[in-house]
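Structural features, examined
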Amino acid sequence: MGELAGLTISEARARLRKGEITAREITEDCLAEIEAAAPLGAFVEVTAEKALAMADAADARLAAEGEAAPAMCGIPVGIKDLFCVEGVRTQAASKILDNFRPPYESTVTARLWQDGAVMLGKLNMDEFAMGSSNETSHFGPAINPWRAEGDSRPLTPGGSSGGSAAAVAARLCLAATGTDTGGSIRQPAAFTGIVGLKPTYGRVSRWGIVAFASSLDQAGPMTRSVRDAAIMLQAMAGEDPRDSTSAPRPVPDFEAMLTGDIRGRRIGIPKEYRVEGMSAGIEALWQAGIDMLRDAGAEIVDISLPHTKYALPAYYVIAPAEASSNLARYDGVRYGHRAKLAPGEGIVEMYEKTRAEGFGDEVKRRVMIGTYVLSAGYYDAYYNRARKVRTLIRRDFEQAFASGIDAVLTPATPSTAFALGEKGQDDPVEMYLNDIFTVPVNLAGLPGISVPAGRDAKGLPLGLQLIGRPWEEGEMMNIALALEERAGFDGAPSPWWKG
Amino acid sequence: MLDLTFTEPAPRVIHGLEGDWEMVIGMEVHAQVSSKAKLFSGASTEFGAEPNSNVSFVDAAMPGMLPVINEFCVEQAVRTGLGLNARINLFSAFDRKNYFYPDLPQGYQISQLYHPIVGEGEVIVWMGEGTARRVRIERIHLEQDAGKSIHDMDPEYSFVDLNRTGVALMEIVSRPDIRSPEEAAAYVGKLRQIMRYLGTCDGNMQNGNLRADVNVSVCRPGDYEKYRETGDFSHLGTRCEIKNMNSMRFIQQAIEYEARRQIAILEDGGEVVQETRLYDPNKGETRSMRSKEEAHDYRYFPCPDLLPLELEAAWVEEIRASLPELPDAKKARFVRDYGITEYDAGVLTAEREAADFFEEVARGRDGKMAANWVINELFGRLNKEGRTIGESPVSAAQLGAILDLIRKGDISGKIAKDLFEIVWTEGGDPVRIVEERGMKQVTDSAAIEKVVDEIMAANPAQLEKAKANPKVAGWFVGQVMKATQGKANPQVVNEIVRRKLAG
Amino acid sequence: MSIDRETARKVAHLARIGVAEEALDDLARELSAVLGFVEQLMEVDVEGVEPMVSVTPMTLKKRRDEVTDGGYPDRILANAPMAREGFFVVPKVVE
């Protein structure tokens, strides 16, 4: 049990085509693993019937189309609860979307189903993707399948795509969708020892994904190998006429670009990422990554991204501002939770009670910050200034790329996974600092990937981040592959949850 | 193009207890863009559908839904801007205006605060021959309409219909250049006329497709001129905004009431509070809007779901080249080409279809005569029956044929009116009707003379009277016309009667 | 910039999020902490810098004027907490 669920997409693809296994067998194995992994809290909804029906359809298609079947055909995946799936409860892990069943299908999931992927269920996350530890979920936190050696305290899988990361790392599904607004794919991927890719802004359609911060949100794959990321991104990406910000660009054959040959590539090492208080483990990992890429024939170049320091503060103006507006639609009128009113209470009370009851503390906090920075008298001081700083942050990267840098290598996170309840209890900013290395990438609209590259002294996974040129996910993944091959990360956590 | 010259009218003055006051009025007119689909969704804009049926998931602001702009709505806004002699901004952008209201599903309206699609323009509002107000347009922006809340279906609840949600509106913002209630109504009428010419808004006020917010303030004589010289609004009084009016009559009544209310406050030593008010047509009063009581903070910011709207200059020029002749130009041309009065030209150009009808009738004919017939006979009859020009049973070709028959002397003006009536009710070719029904007038003098002789012979006493007093001659003319059932050519009859009496 | 209790109340109301009287001080403190953090932005020299307009520089996508959507009131109303006779229903709004 668990052998099939533990396959990578590329392994499963090969065996499905040879007829050695069926999509139904993999799916059943995943469903069993999911059931056994209830303590991880990774899935918030399991769609077993749907999964089996889709698996059977995929098997029929594999039989009919053989080699011509899409790469994702018959591959069971988990879907972050931020993606609207027709008829399936979609709540963005919030009470305010209580029992919301979308009468429509997000573009990303529609593309996956079109290619024959199998839907296992919805994955836990931070409420409205606002969080870095999955602790803001209305359903309770997802738990990291990894534990520190000799320590059974539950650790965070990271956030906001914590359920996705936990599910993929624990081998409950072959891959999962995630979304990344400030690091929500890459940070949990790093915390759980998997690969997480945030595409260039505009590469993947946002239609049908519950919006957090529209100018930063981007969906991407969370997988157990770089190759799998390439395969899954291929299925997810592409222009969508229903998303004005999705780019009219052809999607290259990402997998074909994975040669592992990166000789002559120039890799930038930004000095500003060497932050105060960075753990020795992370520091050592970064150096190891540099050595690996050099070993693969890349040229290592010191670069400067001078406005890095201001990325996080700019992010905590822009993202809440957009969120305060994006979340205004949750008002109890058309769907989701509506508060019960006392006699004599009217529409204003309905709004205030509904939103007070429906949103968790972190969401409320961000909506109010966003409301404040957009309000009369503060717009220029905060919001417009943050947008200008955003221009400067993008310019930093543009200048680096213009000088011939092909990709930037940084740590993915400033630490390894921390314990649940450990951070942000008194000061929300403490939690925000988790995204310090990932946020600049969202602000600049660039592609980024987190690759598991080692473990710390306690055996917890560590991730390195590669940042690519706009639209060069293929090139970026090829460099990531070189890193992956050399890091030789030993993947699976021991399945303590099976008791 | 010939422009008509004009002078600007004096502002409306209200004599208060403590001297005279003048009105200053600015307007924000919301015109629904004529389009099949909504501004940011593919749902229909059709009026009167079942509740919530012309609604897409985008309009209902379902989670994850995104706007994609309707290019035709953009074109319509550009066309309107060009029609108002306004500057087209090749770069514009959309902003979110955030507020909570049950018929605003997104919790924000997508509008254009910082970079509107159309900049400054102007409208000439005719207030009589040679008199007109030049109203400056500040801007026109594209935005989404809200839905409809119905408050009278249940004592405890309001009902919300989103059919209208997301329909494209053009908000046309004027400078405070309007100086009387009549000018305000005429201004809206002029915008309506121009947009109907352009085909950019059907102007249907009853359905709410054209609505106005009116800003009213009062000042002392001379203050307004100081404002115009300096651009400094402090010379003007505090304004109140009367929201959402969809009737010319209510606009006038509301302004009149509001100006007098403000004057009463000021003369009482009080201060006008800047606020949003609602006009209650049943009471003939404006009142403060409770729902707008708290000062709004709309938290405008650029809509991150959309990119800036960048237009190509060549595309704008293509639209400019395709513009129809607009009312003022047409009116001036009618005065010049057809020799008709400015007043008649104004009536004929009120609607583009009517003007086209007139031109078809007048082509190759006498312009004044065509104008008389179109205005008095045709419009008169259409008005009486509440029909539009498009529904006229008499076509331009038919009316033209009637005029030709008059010109050729085949029928008299009086018979022509009978003929018009026949064509109106029964249809048919006027020439054939005249032939078949023997309506052609008799011009054969021998035949007429015979009738004259018979009548004179039968009325010797009258004949004597007429010989003594030529003024009585008319009696014989009337008798001849009667005897010939009006078909005798009146000129010929007159001449023969005069000759006989003289002889 | 530190947020006081009154400002917190105002912001909460603007955002239509009910906050209990006794929670306002905590809220003000939390909001102040975040604002204190973003205060760093004031150090940056942004003279002459244009605010970022679009993340992906490209032209705005446009639709043709065709009716391609709507016509499914049942699906629009399917998730409504309260609906009647084809309408969404809310507590009475006084204009």
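Only a predicted model underlies this, so the values are computations on that prediction, with no experimental measurement involved. (Residues numbered from 1 in each chain as written. Chains lettered and ligands numbered in written order. Predicted model: local features only at pLDDT ≥ 70, side-chain atom pairs only at ≥ 80, totals over all residues.)

Quick look at the overall build of chain B
A tally of regular secondary structure across chain B gives 16 helices and 17 strands. Here the C-alpha atoms of chain B give a radius of gyration of 30 Å, more than 25% beyond the 23 Å that 2.2 N^0.38 yields for 503 residues. Dimensions of chain B, computed from C-alpha atoms along their principal axes, come out at roughly 95 × 55 × 55 Å. Looking at chain B as a whole, 45% of its 503 residues are labelled buried. (Helix = DSSP H or I, 4+ residues; strand = E, 2+ residues; numbered from the N terminus. Rg over C-alpha atoms; globule rule 2.2 N^0.38 Å. Buried ≥ 20, exposed ≤ 12 C-beta atoms within 10 Å, placed from the backbone.)

Notes on the overall build of chain A
Along its length, chain A carries 15 helices and 11 strands. The C-alpha atoms of chain A give a radius of gyration of 21 Å, which matches the 23 Å a tight globule of 499 residues would have. Taking the principal axes of its C-alpha atoms as reference, chain A extends roughly 70 × 50 × 50 Å. The proportion of buried residues among the 499 residues of chain A is 66%.

Things to note about the interface of chain B and chain C
Interfaces are often described in size by the accessible area the parts lose on coming together. Listed by partner, the interface residues are 41 residues for chain B and 32 residues for chain C. Counting only elements with at least two residues in the side of chain B that touches chain C, the list comes to strand S3 (69-70), helix H1 (71-83), strand S10 (157-161) and strand S17 (309-310) of chain B. When residues in the side of chain B that touches chain C are grouped by element, the largest group, five residues, is from S10(B). In terms of residue class, the side of chain B that touches chain C is built from 20 nonpolar, 13 polar and eight charged. In the sheet, S10(B) pairs with strand S3 (residues 87-91) of chain C via four bridges, with the strands oriented antiparallel. For B:Ser158, the partnering residue across the bridge sits in S3(C) and is C:Val90. (Contact = placed C-beta atoms within 7 Å. Nonpolar A, V, L, I, M, F, W, Y, C, P; charged D, E, K, R; others polar. Pairing = 2+ DSSP bridges.)

Brief notes about the environment of A:Gly150
Residue and element names in this part refer to chain A. As for its position among the elements, Gly 150 is in the loop between strand S3 (118-123) and helix H5 (162-169). Given 7 C-beta atoms within a 10 Å radius, Gly 150 is considered exposed. Through-space distance from the C-alpha of Gly 150 to that of Leu 16 is 39 Å; in sequence the pair is 134 residues apart.

Comments concerning the domain arrangement of chain B
Its domain assignment divides chain B into domain 1 (13-320), domain 2 (324-436) and domain 3 (445-502). For domain 2 of chain B and domain 3 of chain B, the distance between their C-alpha centroids amounts to 34 Å. (Domains from an automatic or database assignment.)

A word on the confidence of the model for chain B
Residue-level pLDDT values for chain B average 93, and 98% of them are 70 or greater. Across the predicted assembly, pTM comes out at 0.93 and ipTM at 0.97. (pLDDT = per-residue confidence, 0-100.)

With respect to the interface of chain C and chain A
Counting residues at the interface gives 37 residues for chain C and 54 residues for chain A. Broken down by secondary-structure element, the contributors of at least two residues to the side of chain C that touches chain A are helix H1 (5-14), helix H2 (24-38) and S3 of chain C. Per-element accounting of the side of chain C that touches chain A gives the leading share, six residues, to H2(C). Taken together, the residues of the side of chain C that touches chain A sort by class into 27 nonpolar, four polar and six charged.

Quick word on H2(C)
For H2(C), spanning 15 residues, the distance from its first C-alpha to its last is 21 Å, which sits close to the expected 21 Å at 1.5 Å a residue. Listed as buried for H2(C) are C:Leu27, C:Ala28, C:Glu30, C:Leu31, C:Val34, C:Leu35 and C:Val38. Taken end-on, H2(C) shows its buried residues confined to a sector of 165°, consistent with a single buried face. Summarising the contacts, the buried residues of H2(C) are in contact with helix H9 (311-326), helix H11 (361-374), helix H12 (379-402) and helix H13 (428-432) of chain A together with H1 of chain C. (Expected span 1.5 Å × (residues − 1). Arc of directions from axis to C-beta.)

A closer look at unusual backbone geometry
Most peptide bonds take the trans configuration, and most residues that are not glycine carry a negative phi. Cis geometry marks the peptide bond from A:Gly159 to A:Ser160; its omega dihedral reads 5°. Inspection of the secondary structure puts A:Ser160 in the loop between S3 and H5. Of note in the backbone geometry, A:Arg171 takes a positive phi value of approximately 60° without being a glycine. Structurally, A:Arg171 can be placed in the loop between H5 and strand S4 (175-180). The class of A:Arg171 is buried, set by 23 C-beta atoms lying within 10 Å. Look at B:Ala61: it is not a glycine, yet its phi comes out positive at around 55°. Note that B:Ala61 resides in the loop between strand S2 (19-32) and S3. Look at B:Ala61 and you get buried, because 23 C-beta atoms sit within 10 Å.

Observations regarding helix H2 (residues 181-198) of chain B
Residue and element names in this part refer to chain B. With 18 residues, H2 extends 26 Å from end C-alpha to end C-alpha; this agrees with the ideal 26 Å at 1.5 Å per step. By the criterion of burial, H2 is predominantly enclosed, with 15 of the 18 residues buried. Taken from the residues just after H2, Gly 199 is the one with a positive phi, measuring 75°.

Points about the sheet that holds S3(C)
Strand order in this open sheet of four strands is S9(B)-S10(B)-S3(C)-S2(C), and the pairing throughout is antiparallel. Edge positions in the sheet fall to strand S9 (148-150) of chain B together with strand S2 (83-84) of chain C, since each has one partner strand and no second. In this structure, S2(C) lies alongside S3(C), joined through two bridges in antiparallel fashion. Note that in S3(C) the partner of C:Arg84 across the bridge is C:Phe87.

Digging into the environment of B:Ile433
All names here are of chain B. Examined against the element boundaries, Ile 433 turns out to sit in helix H12 (residues 430-436). Separated by 415 residues in sequence, Ile 433 and Glu 18 have C-alpha atoms that sit 69 Å apart. Look past the residues within four positions of Ile 433 in its chain and what remains in contact with it is Leu 419, Ile 422 and Gly 428.

Some thoughts on the sheet that holds strand S8 (residues 299-303) of chain A
Residues and elements named next belong to chain A. Reading across from one edge, S1-S3-S2-S4-S6-S5-S10-S11-S9-S7-S8 is the order of the 11 strands in this open sheet, with mixed pairing throughout. Unpaired on one side and paired on the other, strand S1 (43-46) and S8 mark the two borders of the sheet. Looking at each pair of strands side by side, their axes are set apart by 30° on average, direction ignored. Here helix H15 (residues 473-487) sits on the sheet in contact with strand S9 (407-411), strand S10 (448-455) and strand S11 (461-468), set at roughly 5° to S10. (Axes fitted to C-alpha atoms, helices over the stretch in contact; angles between N-to-C directions.)

Here we look at the pairing of strand S6 (residues 108-111) of chain B
Residue and element names in this part refer to chain B. Judged by which residues are buried, S6 turns out to be covered on both faces: Tyr 108 and Ile 110 on one side and Gln 109 and Ser 111 on the other are all buried. As paired elements, strand S5 (residues 95-98) and S6 share four bridges and run antiparallel to each other. Each residue of the ladder has a partner; that of Arg 96, found in S6, is Ile 110.

Focus on the nonpolar core
The biggest cluster of nonpolar side chains holds 277 residues, and the ones touching the most others in it are A:Val77, A:Val118, A:Cys173 and B:Val214. Contact partners of B:Val214, with chain neighbours within four places excluded, come to B:Ile25, B:Met27, B:Ala184, B:Ile242, B:Met245, B:Ile251, B:Ala254 and B:Ile255. (Core = buried A, V, L, I, M, F, W, Y, C linked by C-beta atoms within 7 Å.)

Quick look at the pairing of S3(C)
A large share of S3(C) lies buried, amounting to four of its five residues. If you look at the hairpin formed by S2(C) and S3(C), you'll find two residues sitting between the two strands, and C:Glu85 has a positive phi there, around 50°.

Examining the environment of A:Arg329
With respect to the helices, strands and loops of the structure, A:Arg329 is situated in the loop between H9 and helix H10 (347-358). With 47 residues separating them in the primary sequence, A:Arg329 and A:Ala376 have C-alpha atoms 21 Å apart. Once you skip the residues sitting within four places of it in the chain, A:Arg329 turns out to touch B:Ala61, B:Pro105, B:Gln106 and B:Gly107.

Focus: the packing of H1(C) against H2(C)
Residue and element names in this part refer to chain C. Packing of H1 against H2 leaves a shortest axis separation of 8 Å and a crossing angle of 90°. On the basis of their axis angle, the class for H1 and H2 is roughly perpendicular. Contacts between H1 and H2 pair Arg 5, Ala 8, Arg 9 and Ala 12 from the former with Leu 24, Asp 25, Leu 27, Ala 28 and Leu 31 from the latter. Residue composition of the contact of H1 with H2, grouped by class: six nonpolar, no polar and three charged. (Parallel < 35°, antiparallel > 145°, perpendicular 65-115°, else oblique.)

Thoughts on the packing of helix H8 (residues 352-362) of chain B against helix H9 (residues 367-385) of chain B
Residues and elements named next belong to chain B. Where H8 meets H9, the axes come as close as 9 Å, and the angle between the chain directions of the two elements is 135°. With respect to their mutual orientation, H8 and H9 come out oblique. Where H8 crosses over H9, the two elements pack in a sense that is right-handed. Contacts between H8 and H9 involve Phe 357, Phe 358, Val 361 and Ala 362 from the former and Gly 367, Ala 370, Ala 371 and Val 374 from the latter. Tallied by class, residues from the contact of H8 with H9 come to seven nonpolar, one polar and no charged. (Left-handed = near helix turned anticlockwise from the far one by under 90°.)

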